[in-house]
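Structural features, examined
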Protein chains: 2
Amino acid sequence: MELKSVGLHEKVWRDYFRKKTNWNRKMKFLLFTFVGAHLLALNSGKAIYRNDNSQRTFEEIREEIARYGDVAKAIIDLAVYGKAQNRSYERLALLVDTVGSRLSGSKSLEKAIQIMYQNLKEDGLENVHLEPVKIPHWERGEESAVMLEPRMQKMAILGLGSSIGTPPEGITAEVLVVTSFDELQRRAPEARGKIVVYNQPYANYSTTVKYRTQGAVEAAKVGAVASLIRSVASFSIYSPHTGIQEYQDGVPQIPTACITVEDAEMMSRMVSRGNRIVIQLKMGAKNYPDVDSFNTVAEIIGSKYPEQVVLVSGHLDSWDVGQGAMDDGGGAFISWEALSLIQDLGLHPKRTLRLVLWTAEEQGGVGALQYYQLHKANISNYSLVMESDAGTFLPSGLQFTGSDKARAIMKEVMRLLQPINVTQVFGAGDGTDINFWIQAGVPGASLLDDLYKYFSFHHSHGDTMTAMDPKQMNAAAAVWAVVSYVVADMEEMLPRS
Amino acid sequence: MELKSVGLHEKVWRDYFRKKTNWNRKMKFLLFTFVGAHLLALNSGKAIYRNDNSQRTFEEIREEIARYGDVAKAIIDLAVYGKAQNRSYERLALLVDTVGSRLSGSKSLEKAIQIMYQNLKEDGLENVHLEPVKIPHWERGEESAVMLEPRMQKMAILGLGSSIGTPPEGITAEVLVVTSFDELQRRAPEARGKIVVYNQPYANYSTTVKYRTQGAVEAAKVGAVASLIRSVASFSIYSPHTGIQEYQDGVPQIPTACITVEDAEMMSRMVSRGNRIVIQLKMGAKNYPDVDSFNTVAEIIGSKYPEQVVLVSGHLDSWDVGQGAMDDGGGAFISWEALSLIQDLGLHPKRTLRLVLWTAEEQGGVGALQYYQLHKANISNYSLVMESDAGTFLPSGLQFTGSDKARAIMKEVMRLLQPINVTQVFGAGDGTDINFWIQAGVPGASLLDDLYKYFSFHHSHGDTMTAMDPKQMNAAAAVWAVVSYVVADMEEMLPRS
């Protein structure tokens, strides 16, 4: 920002107190304006950046972070160009090729947890242990959908997580196609006894996913006998994309599955021409009692403040299709890789770096909730909670939730990633497994990358190692390691609101 | 090109006689250089561009083509902005939603042919008729593949066209993974009694497709009991891509199917780690006697040279997955649309514009071969054969095979598409259904577009209307109509070599 007038100074100053100014602009203001304002601003800076126990100015913090330049370069060199390159990819490939997908309640998830426990032990990490969690056990069984009218066609489906099954003979019913919950409300009298098909357009995941989570409940409220949801996906090659759905007390439970974008659009076209559509849906889905599982934990114990924690994480469970390589094998394995890289370089952060591989994230953060309940008494010692669960493709940057003070610090930390040109800090660092902490005031960070690509494969048979790229994982691991190490090693914890 | 020296003149002149100069450069040379060279070049131009019966210079031909500017604009306006916009898309959607996929030998193909016959009649086109063709009848039946070792996993497959089936109990055998025919040769002693899995990388379709067409034969030669081919595809969401394969006399016939890119890569990784892979393959595929089918023909009969023909075409058959909307519904329907647009504008080209909707292209141009044999006596009257069978997305331009003279003319014709910015002429206008004519010397043209996108959906369950875009089809139809009309209406046929 160039300062062109006193009026502009005043505006900056005003914004400053309104906490709307971003800190880059603010720092430029501090550096380039006249002395009085400079001193005044510096004092205010102290006021804003001072942590509970801190007497330091932001300038001092900035200098502290800049001193990590060499360490960051060493981490990047090791992860991207050195002997650790492709390690997270290869470790991940070995696990997911060996055990396959890892649905909550499945034997393969528990096998994966045991393998990871061994892996982390053998990697020489500290305090490797499993923390017991009770998790849901749902199985899809055999399932099929056939369009009987206006012509016969097998349709690709995937039952949604927690859905009940159909009777063995299936449910055969006429279809009501709607493109929104609003349209369903308007046409409620037509829904009774029918299979409701949702052909909602894809806006983005967080907006559109409500049709998957709530579609069955809304359809059941108006008397439908089943619901089929257009897959929540950015792109499709006739690929159904599953995920969790949620029944509601007092509303009848009806079977629900996702269909492909292609079939949803085709059925919309058919009904617009006056065709009557009849589908036979068979689902062998079943909910079983909860089973025992574990969050998998490993640490590099803090050298100066061992009770203080920077948490890095991804989830080990997946849906029961594909290999769960992207969601969230990638996130879990760059989190492990972050600790491995730091350990390889003989670094000993002042705070404890804790790796958590969550269980049963896909069922609504079940492992994460139980972890939070177990550990929340120590919440004042959590400096930063990090989760990678939106892909480990070439990172665009870091998503962050926290106070303005903490955000300014994270921007300085991300400057250390300049050698691989990943320096941006975006809003909204939330994620299913870290939200409990974020909502309680702990700063949180997520890795951001190409979400169009992510939601092309998400929860589909296509979530395999083929979607992954070792070089992109190297870059993601470097970001993850630099951020977690620097925040764990800085003199002070990240300031909260 | 600016002329900067006599030396450069000489070079242009030399190239001219070597027929290496492109005609744009040549024309600029003619217009801007001194009079003697101008006259000399003009005379040579006559020599080069003179058709058998032509006394015209290229300049005269160029001026003739330029006079079609208003007609071209009218076609574009009608197709892209006018009342015909989205018509080819909507006509196509209605057909493929109604009949679904259209495999050679299937009832749905014959239903589609009958519907198209009616459509073309009702559209008011001339000489609408069906030309009988005997076509192959293969059905895939039920099919499945399960990896039994090193772990259990169902694998998505699609049997390849013309493959035999397995015994009812399936074929259970160890896998040999190779990445090329060369590797198969080197490891021939290991292949006996095994299922050969090809994990060849995707270079481009024409290079890589040999693994699909010849994979079973090469595997059988070294004693394999079945072969599984990595799908020939530019992109995958765990999508198998089928297609024809060819047995060879004297080589045992073994069952063959495509697998996904994902599973092929996974099995390569597994064997590189020393895993033994066992697969159980079940295929109910069966070849039946040839059945009756038809090429579907309609015309706008030439007003001056009715015996002379410009042929526009696409194929009506498809594979038995998806809707065959892209391959080649799009090509067939923009070809129909070309005639509809010309008819709507009350245009009467001098030559006959003939629409042919081929049958059984996917089985190796079966309908096209029989058409060629039936009509080749009239070959001297074919000015141009056009086929759209590589997608009807936003066109990049026209692919063309023909003499240099004809190519120079086609470049002038494509200038008429400047209003929609599709003016390029590329090499190699060949296509399965027009190659018989091209190889016999008739100029041929194909529509070029985004082949990465095309081979993402090609021969897969994802070849549906969702892959299609009405606006892109409008542009493709405009190109198709302008090119076919102008070439059919010009005073002379395209010159041959």
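Residues numbered from 1 in each chain as written. Chains lettered and ligands numbered in written order. Predicted model: local features only at pLDDT ≥ 70, side-chain atom pairs only at ≥ 80, totals over all residues. Heavy atoms only, no water.

A few points about the overall build of chain A
What counts is decided by this rule: Under the scheme used here, helices are H or I runs from DSSP no shorter than 4 residues and strands are E runs no shorter than 2 residues, and both carry numbers assigned from the N terminus. The contact definition used throughout considers only heavy atoms, calling two residues in contact when any of these lie within 4.5 Å. Values of accessible area rely on a 1.4 Å probe in the Shrake-Rupley scheme; residue burial ignores everything except the protein chains shown.
Broken down by element type, chain A carries 18 helices and 16 strands. At a minimum sequence separation of 6, the contacts of chain A that also span at least 24 residues come to 81%. Of the accessible surface of chain A, which amounts to about 18,800 Å², a share of 52% is contributed by carbon and sulfur atoms.

Examining the interface of chain A and chain B
Applied cut-off: Here the quantity called buried area is the accessible surface, traced with a 1.4 Å probe, that two parts lose on coming together, added over both. Salt bridge, as applied in this entry: a Lys or Arg side-chain nitrogen positioned within 4 Å of an Asp or Glu carboxyl oxygen. Here a polar contact is taken to be a pair of N or O atoms separated by no more than 3.5 Å, where protein atoms must pair a possible hydrogen donor with a possible acceptor and residues adjacent in sequence count only if both atoms sit in side chains. When residues are grouped by polarity, Ala, Val, Leu, Ile, Met, Phe, Trp, Tyr, Cys and Pro land in nonpolar, Asp, Glu, Lys and Arg in charged, and all others, Gly among them, in polar.
At the junction of the two partners, chain A supplies 31 residues and chain B supplies 31 residues. Taking both sides of the interface into account, the surface hidden between chain A and chain B amounts to around 2,300 Å²; carbon and sulfur atoms contribute 58%. Linking chain A to chain B there are six salt bridges. In this structure, R273 of chain B and D97 of chain A form a salt bridge, with 3.0 Å as the shortest nitrogen-oxygen distance. At the surface where chain A touches chain B, the tally comes to 13 residue pairs in polar contact (both at pLDDT 80 or more). Of all the secondary structure elements, the ones that give two or more residues to the side of chain A that touches chain B are α6 (87-99), α12 (261-272) and α17 (451-457) of chain A. Of the residues that constitute the side of chain A that touches chain B, the class distribution is 12 nonpolar, 11 polar and eight charged.

A closer look at the UniProt feature "domain: Peptidase M28" (unreviewed entry) in chain A
We count it as follows: UniProt positions are given in the numbering used here, feature names are shortened, and annotations may be inferred rather than shown by experiment.
The positions UniProt marks with the feature "domain: Peptidase M28" (unreviewed entry) are residues 295-482 of chain A. Between the C-alpha atoms that bound residues 295-482 of chain A there is a distance of 24 Å. The span itself is 36% helix and 23% strand.

A closer look at the sheet that holds strand β14 (residues 397-401) of chain B
Residue and element names in this part refer to chain B. For clarity, the threshold we go by: What makes two strands pair is DSSP finding at least two bridges between them. In this analysis an axis means a line fitted to C-alpha atoms, helices contributing only their contacting stretch, and an angle means the value between N-to-C directions, from 0 to 180 degrees.
With mixed pairing, eight strands are arranged side by side in an open sheet as β1-β10-β12-β11-β13-β16-β14-β15. Among the strands making up the open sheet, the edge pair consists of β1 (126-139) and β15 (424-426). When the angles between neighbouring strand axes are averaged without regard to direction, this sheet yields 25°. Of the strand pairs in this sheet, strand β11 (residues 305-315) and strand β12 (residues 351-358) are connected by eight bridges, and their pairing is parallel. Its bridge partner lying in β12, S313 is registered against V356. Each of β10 (286-300), β11, β12 and β16 (444-448) touches helix α13 (residues 325-344); the most contacted strand, β11, lies at about 145° to it.

Overview of the nonpolar core
In plain terms, the rule: Residues grouped as a nonpolar core are buried Ala, Val, Leu, Ile, Met, Phe, Trp, Tyr and Cys residues, joined through side-chain atoms within 4.5 Å. Three labels apply to residues, based on accessible area from a 1.4 Å probe with only protein chains included: buried if under 20% of the type maximum, exposed if over 50%, partly exposed otherwise in between.
Counting 182 residues, the largest nonpolar core has L384 and V483 of chain A together with L384 and V483 of chain B as the members making the most contacts within it. One finds V178, L184, M267 and L281 of chain A within the second-largest nonpolar core, a separate group that totals 51 residues.

Quick word on the sheet that holds strand β8 (residues 256-259) of chain B
Residue and element names in this part refer to chain B. Reading across the sheet, the eight strands line up as β3-β2-β9-β5-β6-β7-β8-β4 and stay open at both edges, with mixed pairing between neighbours. Edge strands, defined here as strands with exactly one partner in the open sheet, are β3 (153-155) and β4 (157-159). Each adjacent strand pair in this sheet contributes to an overall mean axis angle of 30°, direction not counted. As paired strands, strand β2 (residues 143-149) and strand β9 (residues 278-283) are joined by six bridges and run antiparallel to one another. Bridge pairing in β9 links V146 to Q280. Helix α11 (residues 210-221) contacts β6 (195-198), β7 (226-230) and β8 of the sheet and is inclined by roughly 155° relative to β7.

Structural notes on helix α15 (residues 404-415) of chain B
What counts, and what does not: What a helix should span is 1.5 Å times the count of its residues minus one.
Spanning 12 residues, α15 of chain B covers 17 Å between terminal C-alpha atoms, matching the ideal 16 Å at 1.5 Å per step. For α15 of chain B, every residue scored as buried is listed here: A406, A408, I409, M410, E412, V413 and M414 of chain B.

Looking at the side chain of E64 of chain B
Residue and element names in this part refer to chain B. Within the secondary structure, E64 is located in helix α4 (residues 58-66). Owing to a relative accessible area of 7%, E64 belongs among the buried residues under this scheme. Here E64 is in contact with R56, M490 and E491, once residues within four sequence places are set aside.

Comments concerning the pattern of salt bridges
Inspection of every chain in the model, using the stated rule, returns 48 salt bridges over all chains. Between R187 of chain A and E183 of chain A there is a salt bridge, with its nearest N and O atoms 2.8 Å apart. According to the relative accessible area criterion, R187 of chain A is partly exposed, its value standing at 26%. E183 of chain A gets classed as buried once you look at its relative accessible area, which sits at 13%. Note that D123 of chain B and R91 of chain B form a salt bridge whose closest N and O atoms lie 3.4 Å from each other. Of this pair, D123 of chain B sits in the loop between α7 (107-122) and β1 while R91 of chain B sits in helix α6 (residues 87-99), placing them 32 residues apart in sequence. One network of salt bridges, in which partners are shared, links K83, R87, R91, D123, E337 and D344 of chain A.

Quick word on the domain arrangement of chain A
All names here are of chain A. Put simply, the rule reads: Either an automatic procedure or a domain database provided the assignment from which the domain bounds are taken.
Assigned domains within chain A: domain 1 (9-136 + 290-489) and domain 2 (141-284). Distance between the C-alpha centres of domain 1 and domain 2: 36 Å. With 13 residues of domain 1 in contact, the opposing surface of domain 2 contributes 13 residues. In total, about 1,100 Å² of surface goes out of reach between domain 1 and domain 2, with carbon and sulfur atoms giving 63% of it.

Brief notes about the pairing of strand β8 (residues 256-259) of chain A
All names here are of chain A. Side-chain alternation along β8 places T256 and C258 on one buried face and A257 and I259 on a second face that is also buried. Alignment of strand β4 (residues 157-159) against β8, held across three bridges, turns out to be antiparallel. Its bridge partner lying in β8, G159 is registered against A257. By the bridge criterion, four bridges tie strand β7 (residues 226-230) to β8 in an arrangement that is parallel. If you follow S227 over to β8, its bridge partner there is T256.

A few points about the confidence of the model for chain A
Residues and elements named next belong to chain A. Under the convention used in this document: Values of pLDDT, the confidence the predictor places in each residue, fall between 0 and 100.
Looking at chain A as a whole, the pLDDT averages 91, with 89% of positions reaching at least 70. Below pLDDT 50 for its whole length, residues 1-51 participates in 64 contacts with residues either more than four positions away or in separate chains. Model confidence for the complex: the whole-complex pTM is 0.89, and ipTM, which rates the interface, is 0.89.

Topic: the packing of helix α13 (residues 325-344) of chain A against helix α18 (residues 470-489) of chain A
Residues and elements named next belong to chain A. Filter applied, for reference: In this scheme, roughly parallel covers angles under 35 degrees and roughly antiparallel covers those over 145, while 65 to 115 is roughly perpendicular and the rest are oblique. Should the near helix be turned counterclockwise from the far one by less than a right angle, the crossing is left-handed, whereas a clockwise turn marks it as right-handed.
Between α13 and α18, whose axes approach to 8 Å, the crossing angle comes to 60°. As summarised for this structure, α13 and α18 are arranged oblique, according to the angle between their axes. Seen along the crossing, α13 lies across α18 with a hand that is right-handed. Counting all contacts with α13, which are made through G330, F333, I334, S335, E337, A338, L341 and I342, the residues of α18 involved are M473, A476, A477, W480, A481, S484 and Y485. Class assignment of the residues belonging to the contact of α13 with α18 gives a composition of 11 nonpolar, three polar and one charged.

Re the relation of the copies chain A and chain B
Rules: For the least-squares superposition of copies, only C-alpha atoms count, and only for residues with pLDDT at least 70 in both.
Superposing chain A onto chain B requires a rotation of 180° together with a translation of 0.0 Å along the rotation axis, leaving an RMSD of 0.0 Å. The symmetry that links the two subunits is that of a two-fold axis. In terms of proximity to the rotation axis, the leading residue of chain A is I237 of chain A, whose C-alpha is 3.1 Å off the axis. Comparing contact sets, 100% of the residues at the interface of chain A also lie at the interface in chain B, consistent with an isologous, same-surface contact.

Digging into the pairing of strand β13 (residues 382-387) of chain A
Residues and elements named next belong to chain A. With six of its six residues buried, β13 lies for the most part within the structure. Two strands pair when backbone bridges link them, and strand β11 (residues 305-315) and β13 are joined in this way by five bridges, in the parallel orientation. Bridge pairing in β13 places V309 opposite Y382. Of the strand pairs in this sheet, β13 and strand β16 (residues 444-448) are connected by three bridges, and their pairing is parallel. Looking at the pairing, V385 lines up with G444 of β16.

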